[in-house]
Amino acid sequence: MTRPPRSFPSLVFTAALLAWGVAPPGWSGRVREALRADHPNAIDVERMERGYYETLTDPGRRLDRVGRAKPEPPPTDFGPLTVPVPDVREYVLKANLSVPHRGATWATNARGMRDREYAVDKPEGVFRVALAGDSIGAGWGVEPDRGFEPTWERMLDRFAPAEVWNHAVPGLAPGQRWEHFTREGWTSRPDLVVFQGTPADFGWDDRKLRSLLPKGVGWDVASYKEGLAVADARPGGDEESYKTALRPHREAILGGVYRTVAADCRSRGVPSVWLLLPRVGKPTPPADRARLVGLARGAGFTRVVDLSDAFDGLDPKALAIGPDDFHPNAAGHALLADRLEESLRQEMTTRTKLRRPRDPGRPLRGDPR
Amino acid sequence: METETRPSTAARNAPHRRYFPIRDEPRAEFDAEPSRRPGLRPGEPEAARRDLRKFLPIWAHLALLLAVMKTYHVEGRALFLLMSIALAALPVHYLLAYRWKKPFFLGLSVAGLFAVFGPVPGLVVTALAAAFIGVTRLPIAWSARAGLVAVAAIGLGAARAWTASELTDVVWPVLGSMLMFRMILYLYEIKHAERPEPLIDAAGYFFLLPNYAFPLFPVVDYRTLGRSFFSTDIHTTQLTGVRMIFNGVIQLLAYRLVHDRLLISADEVNSAGTLAAFIGCNYLLYFKVSGHFHIACGMLHLFGYQLPTTHNNYLLASSFTDYWRRINIYWKDFMIRVVFNPVAFRLKRKPRWLALSAATAAVFATTWALHGYQMFWLRGTWGFSVPDALFWGILGSLVLVNVQLDAREKPRKPSTGRLDGRSIAVRAAKTLATFATISLLWSLWSSPNLTAWVGMFRRAFGG
């Protein structure tokens, strides 16, 4: 007869593993969070080499979603909130929307911005900031007045009449963000442009381009021209060939986008701020941070603001909109707004020529707190 | 590389005794009064003897593992669903009369297919798989049946390549996963079978419950699966299964640590240290596959299939042939059965070195081609590339050389059982060298192209 294996050690280990899994966050540490993180997002996955087996286990993941009674929308499910456009941006936000989405109200103004309404003509004395960003910039998963952008706007307004126009669109790669801003943002005649990104920006453009280029889209986009030239990408290829061609040059592609942003702003005499935000529960590898900051500095932005350490040492559960979601909640956005205000205080007081708050005692405009 | 026995996680006795058919016990004993054979119904084999004192702790351990899977989100919805089905159905299967156990497991597997993918894909997959099984049972010559299966497979392949819809995106990988290799083995078996295979065994071979959570599924051998059914005391088999699932979960958690915390991207390689970290961690991503295989085989054990282990400490391989024997053992056995042995047999009158070389080369060429074929059924693209060809070519060459060296080696003196310091050091050095070489090859295989791989080394060494 076959000798039965010893079951006691594995039983004890299983029980211990379960106890560790359900223990309060303070007891478990970051390793447990890594063990419980089932779905690294698409960009994180994309950064890594996709070996034969990594590629081959993907169908299991995809098939895993089949047959759900009510599929949960993934964080990149922007469909109901967007309208497709026939250019490199792929889609823009639907205007005049106010719908519940992912536990918050998703509201847009008449210009299709996740923001309040503004008069196009700049009122006298108003300092106008324009933000180009991604889903974190757009306040994904938080109420319209709880994102870091409206919070920061209220903070600025204490110093001088200020507006922060939010041109952020979830799911757009850096080059797409700038293309969107180029088409929509300059009409507001901003006094300052903030170009926001996250560590996920690295490699995002080439991932988008590999599906857009075969359709003939993206070749004429100014911010991509430099990167495409470096990668020696030419029309007529397929997705796989562009993947192969672009991937080794993702740094050059992102650098080209950054240089275009900084140069466009410079040519219009508008100062530009490059802003790096963290994702909740996804510590930024120092090498990624260094490379992104290096690219931004080399691109010639007026200011480089790196807030990628803003969530370091804090419990991701208290800062994310949900489990396994890297988007910050209202508390996370408030933290980002505080750090942003602190980082740009000198810049803003110089540019708005105000040295102290207009009325430090009065509540912030529209502050829900 | 020659045929050798397979280690099992549980069994340590003589390998050839493990898959013996159920012992023909004297009819008198089989037909004895139930009161004289507690835990067994008349006609049931000894291996099926029920004992709730042994079964309940196993079942509780399985429940605990399910809770761990839920807590750590191990592999998502499909696996959790199938494990829940297995947990709920296991007591019924355990208590059921022996003759109903196989039909029950087949029904459970089909139910799992429908539960995971929904009624329409489930129905289409069941119908197509049943049609293939039906063709293999037609009362015509084997070559005609094999030809019909091949034509049908080419037709489905064309449909896989040129049709895309929500339904077919599910059907092709699932159907491919069920049939692409197991049909080859099944046809090979029925060619040599003395009598027709029972329908329940044929259907049960293709419809395997854990398959619907793991499209990349171990190439289970038809005959081994059949012979392993209640070949050992059921509690031993189930304990082995629980242990395999446990090992699988641990490996999947280790994979997450490596993938999410340790692995850097190839772009970040800029020194010898980062290169070593990348290459080592990139290879360790294989934990995912070995984790899947362990859980899949563990689930089959729960229902009485005492299968061999799928991987045997492959990180400790001390040579390339040793590595080939330890990693994905089911694949190695599949290749030996359908490629190595037939080629070596055909060349048996040739010099031994030539037969071994030709058979080994054939194995690696077939392995390379079948990995593309597997990619096609699961992903819709063949995935052939220069790094892919180089990987299999180099690995095949290394194994080939190793096989020749092994064949020339003089028989060793019987081991005294004690290892001296020198032999431990030699063994450690060989293990380390094998690990380093395989990791290096693995990084080549994972690389999008040869230029990117060479570029990584240039960056690492400042070239």
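The structure presented is a predicted model; accordingly, all values stated were derived computationally and were not measured. (Residues numbered from 1 in each chain as written. Chains lettered and ligands numbered in written order. Predicted model: local features only at pLDDT ≥ 70, side-chain atom pairs only at ≥ 80, totals over all residues. Heavy atoms only, no water.)

In this section: the nonpolar core. Grouped together as the largest cluster of nonpolar side chains are 144 residues, with contacts concentrated most on Leu79(B), Phe207(B), Tyr212(B), Ile245(B), Met299(B), Leu395(B) and Trp442(B). In terms of residue count, the dominant contributor to this core is helix α11 (residues 234–262) of chain B (eleven residues). Residues within four places of Phe207(B) in sequence aside, it is in contact with Leu106(B), Ser109(B), Val110(B), Leu113(B), Thr126(B), Ala129(B), Ile133(B), Met178(B) and Tyr212(B). Counting residues in hydrophobic clusters, the runner-up holds 38 residues, among them Ala132(A), Trp178(A), Val221(A) and Ala262(A). (Core = buried A, V, L, I, M, F, W, Y, C linked by side-chain atoms within 4.5 Å. Buried < 20%, exposed > 50% of the residue type's maximum accessible area, 1.4 Å probe, protein only. Helix = DSSP H or I, 4+ residues; strand = E, 2+ residues; numbered from the N terminus. Contact = heavy atoms within 4.5 Å.)

All names here are of chain A. Across all of its chains, the model carries 30 salt bridges over all chains by this definition. Across the pair Asp 87 and Arg 183 runs a salt bridge, and its minimum N-O distance is 3.4 Å. On the criterion of sequence distance, the pair formed by Asp 87 in the loop between β1 (82–84) and β2 (91–93) and Arg 183 in helix α6 (residues 174–184) is long-range, its members being 96 residues apart. Here Lys 208 and Glu 90 are joined by a salt bridge, their closest N and O atoms 3.1 Å apart. Of this pair, Lys 208 sits in helix α7 (residues 204–212) while Glu 90 is found in the loop between β1 and β2, placing the two residues 118 residues apart along the sequence. Within the structure, one salt-bridge network assembled from shared partners comprises Asp 87, Arg 89, Glu 179, Arg 183 and Glu 184. (Salt bridge = Lys/Arg side-chain N within 4 Å of Asp/Glu carboxyl O.)

Next up on the list: the packing of aromatic side chains. This model, assessed by the stated rule, comprises 45 aromatic pairs over all chains. When the ring of Phe195(A) is compared with that of Phe301(A), the centres are 6.5 Å apart and the planes differ by 25°; the resulting orientation is stacked. Separated by 106 residues along the polypeptide, Phe195(A) in strand β7 (residues 192–197) and Phe301(A) in the loop between α11 (286–299) and β9 (303–306) bring together distant segments of the chain. Both residues of the pair, Phe195(A) and Phe301(A), belong to the buried class. With centroids separated by 5.5 Å and ring planes inclined at 70°, the aromatic side chains of Phe376(B) and Trp377(B) adopt a geometry described as edge-to-face. Exposure class is identical for Phe376(B) and Trp377(B). Each is buried. Put simply, the rings of Tyr283(B), Tyr286(B), Tyr314(B), Trp324(B), Phe364(B), Phe391(B), Trp392(B), Phe435(B), Trp442(B) and Trp445(B) pair up and form one aromatic cluster. Sitting above the plane of the Phe80(B) ring, Lys70(B) keeps its charged end 5.0 Å from the centroid. Its end group placed over the ring of Trp142(B), Lys191(B) keeps NZ or CZ at 5.0 Å from the ring centre. (Phe/Tyr/Trp six-rings, centres within 6.5 Å; stacked < 30°, edge-to-face > 60°. Lys NZ or Arg CZ within 6 Å of the ring centre and 35° of its normal.)

What follows concerns the packing of helix α4 (residues 98–117) of chain B against helix α5 (residues 119–136) of chain B. Residue and element names in this part refer to chain B. At a closest axis distance of 7 Å, the pairing of α4 and α5 adopts a crossing angle of 140°. Compared by their axis directions, α4 and α5 come out oblique. Here α4 runs over α5; the crossing is right-handed. Within the contact between the two elements, α4 uses Val 110, Leu 113, Phe 114 and Phe 117 and α5 uses Pro 119, Pro 121, Gly 122, Leu 123, Val 125 and Thr 126. When the residues that make up the contact of α4 with α5 are grouped by side-chain class, the tally is eight nonpolar, two polar and no charged. (Axes fitted to C-alpha atoms, helices over the stretch in contact; angles between N-to-C directions. Parallel < 35°, antiparallel > 145°, perpendicular 65-115°, else oblique. Left-handed = near helix turned anticlockwise from the far one by under 90°. Nonpolar A, V, L, I, M, F, W, Y, C, P; charged D, E, K, R; others polar.)

Below, the discussion takes up the confidence of the model for chain B. Chain-level pLDDT for chain B is 88 on average; 90% of the residues reach the 70-or-more range. Taken as a whole, residues 2–30 of chain B scores under 50 in pLDDT and shows 62 contacts with residues more than four places along the chain or in a different chain. (pLDDT = per-residue confidence, 0-100.)

We now examine the confidence of the model for chain A. Low pLDDT means the predicted atomic positions in that stretch should not be read closely. Scored by pLDDT, chain A has a mean of 82; 81% of the residues are at 70 or more. Low pLDDT, under 50, characterises residues 69–76 of chain A; the stretch is placed with six contacts to residues that sit more than four places away or in other chains.

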